[in-house]
Amino acid sequence: MDIAATTHDRILILDFGSQVTQLIARRLRESGVYCEVWPYNNAAPARIAAFNPRGIILSGGPASVTQGDSPRAPEEIFQIGLPILGICYGQQTLAAQLGGVVESGHAAEFGRAVVEVTAECALTHGVWSPGARETVWMSHGDRITVLPPGFRVVAQSEGAPFALIANDERRYYGTMFHPEVVHTPHGAALLRNFTHDVCGCTGDWTMGAYRAEAVARIRAQVGGGRVVCGLSGGVDSSVAAVLIHEAIGEQLTCIYVDHGLMRAGESAQVVATFRDRFNIKLVHVDAADMFLGALAGVTDPEVKRKTIGRLFIEVFEAEQGKIGGADFLAQGTLYPDVIESVSATGGPSVTIKSHHNVGGLPADMRMKLVEPLRDLFKDEVRALGFELGMPQEIVGRHPFPGPGLAIRIPGEVTRERADLLRRVDTIYLQEIRAAGLYDAIWQAFAVLLPVRTVGVMGDGRTYESACALRAVTSTDGMTADVYPFSMEFLTRVAGRIVNEVRGVNRVTYDITSKPPGTIEWE
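A quick note: this is a predicted structure, and the numbers were derived from the prediction, not measured.

J.: What is the right way to read helix H4 (residues 89–97) from this model?
T.: Helical geometry note: an α-helix holds 3.6 residues per turn, so side chains three or four residues apart project in the same direction. Taken across its 9 residues, H4 has 8 buried, putting it largely inside the fold. Those residues of H4 not exposed but buried are Tyr89, Gly90, Gln91, Gln92, Thr93, Leu94, Ala95 and Gln97.

In structure tokens form, the structure reads like this:
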């Protein structure tokens, strides 16, 4: 059982497949409440009892309660006397399972909506007042038409007459809207009322506590074993390495594999930082020829990821043999990696894409995994990094994927194309830093497109590659908005690229948010 689950008040979140379920966890953690997300169908009564939550939240999901085979909450949760909050689909199954009626065929609501607050309850106390009109974020096609016994209406909207419902005696609440997303302005306060006022949580879970508990978990898992850490140079693997080193010291060896797909100058920086600053044992492997050779002719993004994952493990297993063997492989896997990699048959969430940390490892890998950041979002990892005393230049870096530039080169990856993209990316990041925008952006990078375009330079015709620039703002990586560069900035960057990078004659800017797009192109 998780050490954190034995030392803090905690909330259990049952996941019905919403793509934003993890945001519920993030909001709760922001208010100092430890929580875990379990699939709705993996919540046996004995497991719930062992976890001993203060309350239960039922997430949203893509199914319809009106379908006979749609997911349901475990009946046992209604017998144990705990407060329950149902969100969207969670509200609907809560109502249906307690004797209410849910119907399809009514007006749906997607996006921002306005609710009229008609009464007060423990969820709205001090946040919403009766008579107020409040903005929320909706995403539903079905709606409750008959309330279950004991419930009353607290807020309503045009498309949801039971937008917020309450059963005060049993401490059951339901919202048709999503309080966990930032588009519901007071959503975090509503959730805090549930966790602190209704459930009685004290909010004592901090990053300092997580650090101590993670160290204890690592020591308990590893024992006297040896660990190799796959160091990519990014924030996640760097924080994981420093945390594990704090836990087990000389039992850790970091292996930095240069697959020929890093940004300019990055390999030298990583090696110097970890050997000189952190005094962590580091093996530097130049495997560019191996990786680029295996990627020759490969264009499918999933094949790229799995090829890179397979080669990483081959290199790790070879190197750990050279250092006398290792029992564990450490990775910087995060919560968003996990949620986007769950298959439709392995859990309720829909697969977006496999991630290099969780989707590309071979089934017969001999080492066991150590993933101390698996329950954290990116901003929480940064907070942990600062808690560990790591410098801003490492903790504040933009995310960089394990497969490196390979997933920023749609189509075949070659040494020449990687070199071309490196030069473009360097100019782009130089200009961002010079403009003082680096820390205002969650992630910025260039993509080398698999197309060639006609251009004119001087008096001659060119037929060269096009590139796309990407920059987004985000708080957790689950959703993202495009960064609104000025046209002056974009024009300056494009001018430098086409003038200084021979082989690129066209620059575009990607203005797609997430969703519907992902942050990376592959």
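After that view, the rundown keeps rolling.
J.: Can you walk me through the packing of helix H7 (residues 235–248) against helix H12 (residues 378–387) in this structure?
T.: Relative placement of two packed helices is described by the angle separating their axes and the distance separating the axes. Two numbers describe how H7 lies on H12: the axes approach to 10 Å, and their chain directions differ by 40 degrees. As far as their axial angle goes, H12 and H7 are oblique. For the pair H7 and H12, the crossing hand works out as left-handed. Between H7 and H12, the contacting residues are Val235, Asp236, Val239 and Leu243 on the first element and Lys378, Val381, Arg382, Leu384 and Gly385 on the second. Among the residues forming the contact of H7 with H12, the class breakdown is 5 nonpolar, 1 polar and 3 charged.

J.: Explain the state of the cysteines to me, please; I cannot follow it from the model alone.
T.: Defined simply, a disulfide is a covalent bond joining two cysteines at their sulfur atoms. In this structure the tally under the stated criterion is 0 disulfides. No disulfide involves Cys254; its nearest neighbouring cysteine sulfur is the one of Cys229, lying 4.5 Å away. On the accessibility criterion, Cys254 (0% relative accessible area) is buried.

J.: Would you take a moment to explain the sheet that holds strand E16 (residues 368–370) for this structure?
T.: Strand pairing within a sheet occurs via backbone hydrogen bonds; the two strands may be parallel or antiparallel. Spatial ordering of the open sheet is given by E14-E13-E12-E15-E16, a layout of 5 strands whose pairing is parallel. What marks the edges here is a single partner per strand, and that holds for strand E14 (282–286) and E16. On average, adjacent strands in this sheet sit at an angle of 30 degrees to one another, irrespective of strand direction. Of the strands in this sheet, strand E12 (227–231), strand E15 (328–330) and E16 are in contact with helix H6 (residues 207–222), which crosses E16 at around 165 degrees. Of the strands in this sheet, E12, strand E13 (252–258), E15 and E16 touch H7, which is tilted by about 160 degrees from E12.

J.: Which parts of the structure should I look at to understand the nonpolar core?
T.: Nonpolar side chains in soluble globular proteins tend to end up buried together. Residues Tyr428, Ile432 and Phe485 are the most contacted members of the largest nonpolar core, which totals 118 residues. Here this core takes 9 residues from H7, the largest share from any one element. In this view, Phe485 contacts Tyr428, Ile432, Leu437, Ile441, Ala471, Leu490 and Tyr509; residues no more than four positions away in its chain are not counted. Of all hydrophobic cores here, the second largest spans 41 residues; its members include Ile57, Cys121, Val198 and Tyr335.

J.: I'm lost on the sheet that holds strand E6 (residues 109–117) in this one. Help?
T.: Spatially, the 9 strands line up as an open sheet ordered E2-E1-E3-E4-E11-E10-E9-E6-E7, and their pairing is mixed. Taken across any chain shown, the strands that pair with only one partner, and hence form the sheet edges, are strand E2 (34–39) and strand E7 (133–140). Strand-to-strand twist of the sheet, defined as the mean angle between neighbouring strand axes without regard to direction, takes the value 25 degrees. In the sheet, strand E10 (residues 164–167) pairs with strand E11 (residues 172–175) via 4 bridges, with the strands oriented antiparallel.

J.: Explain the packing of aromatic side chains to me, please; I cannot follow it from the model alone.
T.: Two descriptors summarise a pair of aromatic rings, namely the distance from one centre to the other and the angle between the planes of the rings. In total, this model carries 13 aromatic pairs according to the counting rule given. A centroid spacing of 5.5 Å and a plane angle of 55 degrees characterise the contact between Phe485 and Tyr509, whose relative ring orientation is tilted. In this pair, Phe485 sits in the loop between strand E19 (481–482) and helix H15 (487–500) while Tyr509 sits in strand E20 (residues 504–509), placing the two residues 24 residues apart along the sequence. On the basis of relative accessibility, which here comes to 10%, the residue Phe485 falls in the buried class. Cluster of aromatic residues (ring-pair linked, three or more members): Tyr428, Tyr483, Phe485, Phe489 and Tyr509. A cation over a ring is seen here: Arg382 above Trp442, with NZ or CZ 5.3 Å from the ring centre. A cation sits over an aromatic face here: Arg433 above Tyr438, 3.8 Å from the ring centre.

The rules behind each value
Residues numbered from 1 in each chain as written. Predicted model: local features only at pLDDT ≥ 70, side-chain atom pairs only at ≥ 80, totals over all residues. Heavy atoms only, no water. Buried < 20%, exposed > 50% of the residue type's maximum accessible area, 1.4 Å probe, protein only. Helix = DSSP H or I, 4+ residues; strand = E, 2+ residues; numbered from the N terminus. Axes fitted to C-alpha atoms, helices over the stretch in contact; angles between N-to-C directions. Parallel < 35°, antiparallel > 145°, perpendicular 65-115°, else oblique. Left-handed = near helix turned anticlockwise from the far one by under 90°. Contact = heavy atoms within 4.5 Å. Nonpolar A, V, L, I, M, F, W, Y, C, P; charged D, E, K, R; others polar. Disulfide = S-S within 2.5 Å. Pairing = 2+ DSSP bridges. Core = buried A, V, L, I, M, F, W, Y, C linked by side-chain atoms within 4.5 Å. Phe/Tyr/Trp six-rings, centres within 6.5 Å; stacked < 30°, edge-to-face > 60°. Lys NZ or Arg CZ within 6 Å of the ring centre and 35° of its normal.

Read these as geometric descriptors, not functional statements.
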